Structures are given as structure tokens and as C-alpha cells.
Amino acid sequence: MIYSNTARCARWGAEKGARRVSGLTRSEREAVRNGEEVRFKGCPLVDGTTERRIIFAGGRFFARMPKE
């Protein structure tokens, strides 16, 4: 698992829904595309956490709630 220090939520969406992510480094983008788990902190507090995992869908990167 990789923790990003540069990622941030670019747009706010639903409480637990997908949110656009920007600020990823090249190696972080490649890791997400290759199926590795990349996480970052800094989104609004939901269910006691500000941490989100990053997914790649439709050519864009999104933040989702971490899987337990």
C-alpha cells in the first residue's frame, strides 16, 4: 500500500461517493492503474476517517472510502 502526500480531493461529491483526485505523482498514477492500493488523507470526515483510497475509472482518478 502506498500513501500519497501530494493527492487532494479536487471536487466534493456525495458523502461516501466518488470524488475527483488531483496532485498524484507519476509513480502514484501508474501504481493505481496497475491495481496497487494508493491512499491519502485530507478529505472531509466521514465514518470517523479522512482517509480515502484512489481508484481509476473512465480515464480519471477518484477517491473512495477505504475497504475494511
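Structure shown above.
One structure accompanies this document, and this report is about it. (Residues numbered from 1 in each chain as written. Predicted model: local features only at pLDDT ≥ 70, side-chain atom pairs only at ≥ 80, totals over all residues. Heavy atoms only, no water.)

Comments concerning the environment of D47
Here is the rule: Helix numbers and strand numbers start at the N terminus; a helix is a DSSP run of H or I with at least 4 residues, a strand a run of E with at least 2. Each residue is placed in one exposure class: buried if its accessible area under a 1.4 Å probe, protein chains only, is under 20% of its type's maximum, exposed if it is over 50%, and partly exposed if it falls in between.
Relative to the assigned elements, D47 resides in the loop between β4 (38-46) and β5 (49-57). Its relative accessible area of 58% is what places D47 among the exposed residues. Separated by 18 residues in the primary sequence, D47 and M65 place their C-alpha atoms 9.3 Å from one another.

Some thoughts on the sheet that holds strand β2 (residues 8-9)
Where we set the bar: Between any two strands, pairing holds if DSSP finds at least two bridges. Contacts were defined at the residue level, with two residues in contact if any of their heavy atoms lie within 4.5 Å. For every element, the axis is a line fit to its C-alpha atoms; helices are fit only across the contacting stretch, and the angle between N-to-C directions ranges from 0 to 180 degrees.
Spatial ordering of the open sheet is given by β1-β4-β5-β6-β3-β2, a layout of 6 strands whose pairing is mixed. Single-partner strands in this sheet number two, and they are β1 (2-3) and β2. Bridge count for β4 against β5 is 4 bridges, and the pairing is antiparallel. Bridge pairing in β5 links K41 to E51. Packed on one face of the sheet, helix α1 (residues 26-33) meets β1, β4, β5 and β6 (60-64) and runs near 70 degrees to β5.

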